[in-house]
Each structure stands twice: as C-alpha cells, then as structure tokens.
Amino acid sequence: MSADPTGHLLVADDDRINHHLLGRQLEKDGHTVSVAENGRRALEMLEEEDFDLVLLDIVMPEMDGMEVLEKVRETRSEAELPVIMVTSRSERVHVVKALEMGANDYITKPIDLA
C-alpha cells in the first residue's frame, strides 16, 4: 500500500494571479491549498494549522519570504516541513541564501504549471 501523494499545502504569495493559478493547479492534482497574502499571515497560518509543504514567495509585503523561512527553521527542520521558495529569475542571489538557510528547493516565476 503506497502513501497518499496529496497533502495540505500553503501558498504564500502576495500576487493574486500567481497564487490563484498555482492553487487551482495544485487542487486539481488533489491537494488541499491554503493561501497567505503576506509573510506575517503565512507565519500565523503555520502556527494554526499543519501543512505538508510551503510554497513561499521571496518578495512579499509586511514580512518577506526570507524572514518567514528563518522563523520556520527555528522550530521545524527541512524534513518536518519542506519549504520551496518561489522567485523571479532576477533574484537568484536570494535563492542561494534561502537554500543555505534551509529551504528545500526553489522554483522560478513565471511558474510553468506543465
């Protein structure tokens, strides 16, 4: 018997179009998706609910993705809560830092849903 490949995912992105398209595709794939419009709300949601994966935009208002990642890694390891950073191609320098800080991986915008 194999494990259920679906999960509860948190998409933290201040761009409504991005999180709508990504969320819709992930839900189509069988996942439950919650959305945070900024970093502060993402941290609140992480305290309130259990998630299997976080897709975290680097550039967000109130608290950016790097700050959120730092807070998450204070209490949860990479194995406990995988975090995938979402970034624009011009932000590669931030990706290296995020990976050093404990991000599991990254994807670039625009996100290729295929």
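This text goes with the structure placed above it.
Residues numbered from 1 in each chain as written. Predicted model: local features only at pLDDT ≥ 70, side-chain atom pairs only at ≥ 80, totals over all residues. Heavy atoms only, no water.

Asker: Give a detailed account of the sheet that holds strand β3 (residues 53-57), specifying residues and quantitative values.
Answerer: What the five strands build is an open sheet, ordered β2-β1-β3-β4-β5; its pairing is parallel. Here the strands that pair on one side only, and so sit at the sheet edges, are β2 (32-36) and β5 (105-109). If you compare each strand with its neighbour and ignore which way they point, the axes differ by 20° on average. Pairing of strand β4 (residues 83-88) with β5, which is carried by five bridges, proceeds in the parallel orientation. Counted as the bridge partner of valine 86 is isoleucine 107 from β5. (Pairing = 2+ DSSP bridges. Helix = DSSP H or I, 4+ residues; strand = E, 2+ residues; numbered from the N terminus. Axes fitted to C-alpha atoms, helices over the stretch in contact; angles between N-to-C directions.)

Asker: Tell me about the environment of glycine 7, residues and numbers included.
Answerer: Residue position: glycine 7 is located in the segment before β1 (8-12). Judged by its relative accessible area of 13%, glycine 7 is buried. Taking C-alpha positions, glycine 7 is 13 Å from glutamate 80, a pair spaced 73 residues apart along the chain. Not counting residues within four places of it along the chain, the set of residues in contact with glycine 7 comprises His31, Thr32 and Asp52. (Buried < 20%, exposed > 50% of the residue type's maximum accessible area, 1.4 Å probe, protein only. Contact = heavy atoms within 4.5 Å.)

That's the geometry; what it means functionally is another story.
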